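Structural characterization, general
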Amino acid sequence: YELFPDGNIEVRQVYVDEDRSESYFCCAWSLEPHTDDPLLAVAGQLGIIRIINLMDQRVTRTLMGHGNSINDLRFHPYQPTLLLSASKDESIRLWEVDAC
């Protein structure tokens, strides 16, 4: 969204998953290490993580491995390619996003 000085709000980007049954529960922001493009990691009910490059407006990576829904995502504060995911399957996974 973008908020304008006159108080109007405009949608800037929308992402709809290819699987319409997906419901996202969490997201995390980082930067693509080679280009500094903003990245958004999203995950939810299906247990699949999607990494979206917001400059290209496309999914650049899909991460699968959890056996249930994903409840939380966090990028490492000093290593922007490391992503942690916590799932209802009672596991926490560490992903090297740049290598995927």
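Described below are features of the structure shown in this document. Everything numeric here is computed off the predicted structure, so don't read it as measured data.

Negative phi values dominate among residues other than glycine, just as trans dominates among peptide bonds. One non-glycine residue, Asp36, lies in positive phi territory at about 65°. Within the secondary structure, Asp36 is located in the loop between strand 3 (24-31) and strand 4 (38-44). Residue Asp36 is classed as exposed on the basis of its relative accessible area, which comes to 52%. Although it is not a glycine, Gln57 adopts a positive phi angle of roughly 55°. Along the chain, Gln57 turns up in the loop between strand 5 (48-53) and strand 6 (58-64). On the accessibility criterion, Gln57 (55% relative accessible area) is exposed.

So, on to the pattern of salt bridges. For the structure on display, the rule yields six salt bridges. Of the charged contacts in the structure, one is a salt bridge between Arg12 and Glu2, with a shortest N-O distance of 3.2 Å. You can see Arg12 sitting in the loop between strand 2 (9-10) and strand 3 and its partner Glu2 sitting in strand 1 (residues 2-3), a full ten residues away along the chain. For Glu2, a relative accessible area of 30% translates into the label partly exposed. Where Arg50 meets Glu18, a salt bridge forms, and the shortest distance between an N and an O atom there is 3.9 Å. Note that Arg50 is positioned in strand 5 and Glu18 in the loop between strand 2 and strand 3, a separation of 32 residues in sequence. Look at the salt bridges and you will find they share partners, linking Glu2, Glu10 and Arg12 into a network.

We now examine the environment of Glu2. Linking Glu2 and Glu90, residues 88 residues apart in sequence, is a C-alpha distance of 37 Å. Apart from residues no more than four positions distant in its own chain, Glu2 is found in contact with Asn8, Ile9, Glu10 and Arg12. At a separation of 3.2 Å, a polar atom in the side chain of Glu2 contacts the side chain of Arg12.

This part takes up the sheet that holds strand 7 (residues 70-75). Read from one edge of the open sheet, three strands run 7-8-9, paired in antiparallel fashion. Because the sheet does not close on itself, it has two edges, and the strands there are strand 7 and strand 9 (92-96). Within the sheet, the average angular offset between the axes of one strand and its neighbour, ignoring direction, is 20°. Pairing of strand 7 with strand 8 (residues 82-87) involves five bridges; the strand directions are antiparallel. In the strand pairing of strand 8, Leu73 is matched with Ser85.

Conventions used here
- Residues numbered from 1 in each chain as written.
- Predicted model: local features only at pLDDT ≥ 70, side-chain atom pairs only at ≥ 80, totals over all residues.
- Heavy atoms only, no water.
- Helix = DSSP H or I, 4+ residues; strand = E, 2+ residues; numbered from the N terminus.
- Buried < 20%, exposed > 50% of the residue type's maximum accessible area, 1.4 Å probe, protein only.
- Salt bridge = Lys/Arg side-chain N within 4 Å of Asp/Glu carboxyl O.
- Contact = heavy atoms within 4.5 Å.
- Polar contact = N/O pair within 3.5 Å; in protein donor to acceptor, adjacent residues only side chain to side chain.
- Pairing = 2+ DSSP bridges.
- Axes fitted to C-alpha atoms, helices over the stretch in contact; angles between N-to-C directions.

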